[in-house]
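Coordinates in review
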Amino acid sequence: MYYQGLINKYRKYLPVTDSTPVITLNEGNTPLIKADNLAKKIGLESNLYLKFEGSNPTGSFKDRGMTMAVTKAKEAGAGAIICASTGNTSASAAAYGAKAGIKTFVLIPDGYIALGKLSQAMMYGAEIIAIQGNFDRALECVREISEKYPVTLVNSVNPFRIEGQKTGAFEICDALGKAPEYHFIPVGNAGNITAYWKGYREYFKEGIIKTLPKMMGYEAEGSAAIVRGERIMNPETFATAIRIGNPASWTQAEAARDESKGKIGCVTDEKIAEAYKMLASTEGILCEPASAASVAGLIQANKEGLVEAGTDIVCILTGNGLKDPDNAIKYSNADVKKTSSELDDVLRAMGI
Ligand code: F0G
């Protein structure tokens, strides 16, 4: 049977029964790409792998959690779902809502989501509400609305989201035949680091893996609430996906860090941009800026001597760079040469 999504693949680890109506877009099964060029470039003496979550159906890791959350909402007979989002969650909720035939409401910070993500939610037919406030405020709103009205919250505070997202850890272990020694991941609302840690622990408990990775989470410096130990009222970063000042899964992220003897650190926008460009130019992988925080974190941790040589390292690239063409064009510094269509002019433009 051909691949039919992560619920079917990992159903024994997920809260579904044979009668659960699975809502799937065949998400998951994303490539784990060996990144030797990048490893060499950054002076890493270990095996580096990139888990490219941008190849999910809506272009981000959110689809892993959304297939579970929307499946369970459908099973419970929900009439509507709602989420707050910096963009990817709204795109994913809208797509799975469309597939399930459930009305979808999304709250986004006006002016701070990448155009590709907005266009997705529009095309999938969600009701889009752009608020004059940031993600943290939008999350407060949707939490309150879902408590008062018959609409199911599908942010990662919904435990089914975490259940779906933990399958990313299963895939990595299945591919490597073991757990990596280090797991680098961007941190925004902190659901994904929570989910991966849960996934690794479950495989460990089952005896499928014999060791656990150190969880290395990285926030953007201007939004580094966990690193600073306090809510940030006005979070800033060009990596708008992780422009979050009050992560909902803060405690769970700290638990993942402490239990795994890992780290939660932060990286500057400048370092995120550097990693973003490096990924594209050395590995041919265009991720979105927030995703590059994992690689920026690795570069920083390696310089700090935190990464042991001869190990297996996985960086999660959470979203597809095509979602954010504005930043891709801005940071590429590429020169598009315009010429007439005469062959001589074209050759001249090529430098021949
Ligand atoms: N990378 C991308 C591309 C994201 O969209 C997000 C979160 C993260 C990393 C951080 O993951 O929140 O689980 O720690 N995006 C959410 C959204 C907030 O609304 O799309 P996290």
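Whatever comes next refers back to the structure up there.
Residues numbered from 1 in each chain as written. Predicted model: local features only at pLDDT ≥ 70, side-chain atom pairs only at ≥ 80, totals over all residues. Heavy atoms only, no water.

**Quick look at the site of the ligand**
- The environment of the ligand is formed by 20 residues, the closest being Ser 85, Thr 86, Asn 189, Ala 190 and Thr 318.
- In the model, an oxygen atom of the ligand is placed 2.8 Å from a nitrogen or oxygen of the Asn 192 main chain.
- Coverage of the ligand by the protein chains reaches 99% of its 470 Å² of free accessible surface.
- Classifying every residue of the shell around the ligand by side-chain character gives eight nonpolar, ten polar and two charged. (Near = heavy atom within 4 Å. Polar contact = N/O pair within 3.5 Å; in protein donor to acceptor, adjacent residues only side chain to side chain. Areas by Shrake-Rupley, 256 points an atom, 1.4 Å probe, with all protein chains shown as cover. Nonpolar A, V, L, I, M, F, W, Y, C, P; charged D, E, K, R; others polar.)

**Focus: the packing of helix α4 (residues 88-100) against helix α5 (residues 115-124)**
- At a closest axis distance of 8 Å, the pairing of α4 and α5 adopts a crossing angle of 20°. Relative to α5, the element α4 is oriented roughly parallel. Every pair of crossing elements has a handedness; the one defined by α4 and α5 is left-handed. Contacts between α4 and α5 involve Asn 88, Ser 90, Ala 91, Ala 94, Ala 95 and Ala 98 on the former and, on the latter, Lys 117, Gln 120, Ala 121 and Tyr 124.
- Looking at the contact of α4 with α5, its residues break down into six nonpolar, three polar and one charged. (Axes fitted to C-alpha atoms, helices over the stretch in contact; angles between N-to-C directions. Helix = DSSP H or I, 4+ residues; strand = E, 2+ residues; numbered from the N terminus. Parallel < 35°, antiparallel > 145°, perpendicular 65-115°, else oblique. Left-handed = near helix turned anticlockwise from the far one by under 90°. Contact = heavy atoms within 4.5 Å.)

**Structural notes on the nonpolar core**
- In terms of nonpolar packing, the biggest core is built from 40 residues, with Leu 48, Leu 50, Phe 184, Val 295 and Leu 298 touching the most fellow members.
- Those elements giving two or more residues to this core turn out to be α2 (36-41), β2 (47-52), β7 (182-186), β8 (214-220), α12 (269-283), α13 (293-303), β10 (312-317) and α14 (325-332).
- Beyond its immediate sequence surroundings of up to four residues, Leu 50 is in contact with Pro 31, Leu 32, Ile 33, Ala 35, Leu 279, Glu 283, Ile 285, Val 295, Cys 315 and Leu 317.
- Judged by nonpolar contacts, the second largest core, of 32 residues, contains Leu 14, Ala 179, Met 215 and Ala 253. (Core = buried A, V, L, I, M, F, W, Y, C linked by side-chain atoms within 4.5 Å. Buried < 20%, exposed > 50% of the residue type's maximum accessible area, 1.4 Å probe, protein only.)

**Quick word on a nonpolar patch on the surface**
- Side chains of Leu 343, Val 346, Met 350 and Ile 352 sit close together on the surface and give an oily, nonpolar patch of about 440 Å² of accessible area.
- Residue position: Val 346 is located in helix α15 (residues 343-350). (Patch = residues over 30% accessible without salt bridge, like charges linked within 9 Å, V, L, I, M, F, W, Y side chains within 5 Å. Salt bridge = Lys/Arg side-chain N within 4 Å of Asp/Glu carboxyl O.)

**Topic: the pattern of salt bridges**
- Inspection of every chain in the model, using the stated rule, returns 20 salt bridges.
- The shortest N-O distance in the salt bridge between Glu 53 and Arg 64 comes to 2.6 Å. Remark: Arg 64 occurs in helix α3 (residues 62-75) and Glu 53 occurs in the loop between β2 and α3; sequence separation between them is eleven residues.
- For Glu 53, a relative accessible area of 0% corresponds to the buried category.
- What makes Arg 64 buried here is its relative accessible area of 1%.
- Its salt-bridge partner being Arg 137, residue Glu 140 comes within 2.8 Å of it at the nearest N-O pair. Placement of both Glu 140 and Arg 137 in helix α6 (residues 135-148) is noted, with a separation of three residues, approximately one turn of the helix.
- Classification of Arg 137 by relative accessible area gives partly exposed; the value is 39%.

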